[in-house]
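The residues making up each chain are set out below.
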Amino acid sequence: MVSTRDARGIRRHGAFLLLLILSLAVFTSGPMTRAAEPSPAPSSGSGILPIFELMQQPTHPAPNLRPDLVPKTAGGDWQSLIDATWGPGDPLEQQELFTLWRDTLDHEFACYINHDVDIPALCDPLWDELYPGGVSRGRFQAMMNIISRAHLNGHTYFGELSVIGTALEPGVPLMVCFVGGINSHFGASLTVHEGESFVYDVVPDHPLGLEPGDVILGYDGVPWMELRQQLIDAHLPFKGHTGTSVAAEAHYAGITAGLNWHLFDTIDIRKYGSGDIQHLPTGLLVDPGVSLEHYGFEWLDVGVPLPSTDDDNWLTWGVLERGDLRIGYIYCLAWPEETAESFLEACRAMVDDPDLDGLIIDSRTNLGGGMYFCNDGLSLLFNEVVNTVDFGSRSDPDDHMAMQEYGFPGQFAIIGEPDTFFNKPIAVLLGPGVVSAGDQVALRMTYHPMVRTFGKPTSSTFDDPTALNLSGHPGFIASYSTSDAYRWDSPGQYLNHVGFPVDEEIWLEPDDVVNGLDTVVERAVAWIAETPPMARPLVITGPGPGPDNVSDVHAYAPPDTAAPEFVIDAYGVDRYGVNVAAADVDGDGYDEILTGAGPGAVFGPHVRAFETNTAQLPGLSFLAYGTSKYGVKVTGGDLDGDGTDEIITGAGPGAVFGPHVRGFSYDGTAVTPVPGVSYFAYGTPIWGVNVSSGDLDGDGMDEIVTGAG
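Here goes a summary of the coordinates provided. Predicted, not measured: the structure shown is a model, and the values here were computed from it.

When the terminal C-alpha atoms of helix H14 (residues 519-530) are compared, their 17 Å separation across 12 residues agrees well with the 16 Å that a helix rising 1.5 Å per residue should span. Those residues of H14 lying buried are Thr519, Val520, Val521, Ala524, Val525, Trp527 and Ile528. Next to the buried residues of H14 lie strand E11 (315-322), strand E12 (325-332), strand E13 (358-362), strand E19 (426-430), strand E21 (451-455) and helix H13 (510-514). The residue sitting at the N-terminus of H14 and contributing the capping side-chain oxygen is Asp518; that oxygen lies 3.2 Å from the backbone nitrogen of Val520.

If you want it as structure tokens, here you go:
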């Protein structure tokens, strides 16, 4: 026997959604293999295996087709057919695997916070059925599906290859769930509008005569969603993945309406335009005489190169031109390792094109990968260091709610580059097909000040999967989630099953699709057209304390540093320079320029403040110390956490002035000392003190940092 401890999986940080492993040879456009053995499982430790590679493995036929046992209705008796199709399983192996799967989830699964599962209530009845005599292979797969589905997590799945690798054909009682846009079993791609599944793309000469805009109503005169629930209640085994939120699961249900035709006799279609209802035999899809090979990722061709599944070209880019508008466009279908270089190249092309009016990042389907592979590209788009997310894992195997945070948000920070900052509007297009690292990268993108999201909420698979070590059971595969993510500044508020809302919820509409228009892209383009660029961050400089340096403040807007954007003569003197800092001292959301007189023997500790239009702030011109020489060091920091910065000063480097630190607040008209912020930072009476600030302990309030003068 393999103990639970021995069978623990190996953690894969930011791993590819195991959709790319577990959907496993879902459909193939080539001939079926009539081999007795199922397709082999991915080898352990093989890392990420894209579903498009696994699809090249031939499926195997059902061991025992029994069309005579197919029930007359979806709510009929499927169990006899399920048992007959795959035959009996090994009772001891089934019991061992069931126990391992149940206990591993109970003790290690890390995504119970927003969706708890009563393990005994779920598993005890199944165990009573399984022990001691075992069940058929098909029934065992269905049992494990029941446990997986209850956890509502796209990374959590158990599969027996002899079942899920079976070729789909009439008489095979195998359901299809979300399979990442692989629609070659049906030859058309569906999406959901107002609760209906409609065609947005289709192969030429489709055997059912399908066209964009047509609606798949259901089968045998019964609506699809009603049939689907009947199939779930009948415990058909399934291949594919569930959503990680209720909304994502409902969306997946709609887009897979066409992929389950093999379970029914007739398909019910409402034609676009005429509204005519057709009832066509599903047998037209058997040996149709045309290739049904088809992939659909819930976007339309807008004239920018599309990702290609044939050569693993997961990320493409170009420029979308609409009249006078030039909009950069990046498609992100997945985040495998090779996208690190291509995403960096794409982002560099965007920041290097001064004529762009904005950027669209289209990730409406993203199959995951590694969230780190976007880092270098995002660094070009951002202008500062931004913490984004962190993760937690189970801290008590006996308590589903007990979690411990990793506490390393810097590991997932975006290191922005001010010199390349993309200050124009960025539309990020999302949908329920965004999973795993796709979820995480999308969330990280929202920290950019010019990002607005469009589409539908993502699947909410904000976690890290582990492949369960089943080396002693080569005919099985399994994965589960061992961590959950949270926004770095909201520890304990985990994101699995919840996700984050898009700024504008909008989706493909049949009327637009029929006319070749992508509804989501059209809205994003309109937003970019009406959104001005953000003013570039300024770099503020002041001359050093040389005896011949004037008190001019220069402001530069990188990457253009050939000449300053503006110059402020802070004190009207031609010696000893000026100290500068930036801080939002009036609470308007924009930094002002703080100045402190240079360390001249005849210049006092004079503090002033200016707007970026060079206007001086009224009432903010004062002497920080009771002296007439040696100037003053100045910075800003939010000392009380109210969102407005206070002014922090340090005495200048005089031979008779100690390291005196003071704080001042500004109310729009006058400056007042901050109570308690007046102290000597060091035990010396001379040479002043340097000052800075930062939130060192993460409590939302800045601390004062000093350096000896």
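Next, the rest of the story.
With that settled, consider the environment of Leu594. In this structure, Leu594 sits in strand E29 (residues 592-597). Accessibility expressed as a relative area gives 0% for Leu594, which makes it buried. Here the alpha-carbon distance between Leu594 and Val498, two residues 96 residues apart in the chain, equals 43 Å. Excluding anything up to four places from it in sequence, Leu594 contacts Asn579, Val580, Ala581, Ala583, Val585, Arg608, Ala609, Val634, Thr635, Gly636 and Ile647.

Here we take up unusual backbone geometry. Going from Tyr131 to Pro132, the amide bond is cis rather than trans, its omega being 10°. Structurally, Pro132 can be placed in the loop between helix H5 (119-130) and helix H6 (137-150). You will see that Asp205, though not glycine, has its phi angle at about 55°, which is positive. Backbone geometry places Glu298, a non-glycine residue, at a positive phi of 60°. On the accessibility criterion, Glu298 (4% relative accessible area) is buried.

With that out of the way, let us pick up the pairing of E13. Of all five residues that make up E13, five are buried, and the element is covered over most of its length. Pairing between E12 and E13: five bridges, direction parallel. Residue pairing in the sheet places Tyr329 in a bridge with Ile360 of E13. Taken together, the four bridges between E13 and E19 define a ladder with parallel strand orientation.

What follows is about the pattern of salt bridges. Enumeration over the complete set of coordinates arrives at 17 salt bridges. For Glu211, the salt bridge goes to Lys271, with nearest N and O atoms at 3.9 Å. Remark: Lys271 occurs in the loop between strand E9 (266-270) and strand E10 (277-281) and Glu211 occurs in the loop between strand E5 (196-202) and strand E6 (215-219); sequence separation between them is 60 residues. Given a relative accessible area of 47%, Glu211 falls into the partly exposed group. On the accessibility criterion, Lys271 (13% relative accessible area) is buried. Residue Arg364 pairs with Asp362 through a salt bridge whose shortest N-O separation is 2.7 Å. One salt-bridge network, held together by shared partners, links Arg452, Glu504, Arg523 and Glu530.

Moving on, we get to the packing of helix H8 (residues 224-233) against helix H9 (residues 246-255). One can describe the packing of H8 onto H9 by two numbers: an axis separation of 10 Å at closest approach and a directional angle of 110°. When the interaxial angle is binned, H8 and H9 end up roughly perpendicular. Taken together, the residues of H9 that come into contact with H8 (itself represented by Trp224, Met225 and Arg228) are Glu249, Ala253 and Gly254. Of the residues assigned to the contact of H8 with H9, the class counts are three nonpolar, one polar and two charged.

Relative to the helices and strands, Arg364 is located in the loop between E13 and strand E14 (365-366). Separated by 3.5 Å, the side chain of Arg364 and the backbone oxygen of Glu298 make a polar contact. Of the polar contacts made by the side chain of Arg364, one reaches the side chain of Asp362; its length is 2.7 Å.

Criteria and thresholds
Residues numbered from 1 in each chain as written. Predicted model: local features only at pLDDT ≥ 70, side-chain atom pairs only at ≥ 80, totals over all residues. Heavy atoms only, no water. Helix = DSSP H or I, 4+ residues; strand = E, 2+ residues; numbered from the N terminus. Expected span 1.5 Å × (residues − 1). Buried < 20%, exposed > 50% of the residue type's maximum accessible area, 1.4 Å probe, protein only. Contact = heavy atoms within 4.5 Å. Polar contact = N/O pair within 3.5 Å; in protein donor to acceptor, adjacent residues only side chain to side chain. Pairing = 2+ DSSP bridges. Salt bridge = Lys/Arg side-chain N within 4 Å of Asp/Glu carboxyl O. Axes fitted to C-alpha atoms, helices over the stretch in contact; angles between N-to-C directions. Parallel < 35°, antiparallel > 145°, perpendicular 65-115°, else oblique. Nonpolar A, V, L, I, M, F, W, Y, C, P; charged D, E, K, R; others polar.

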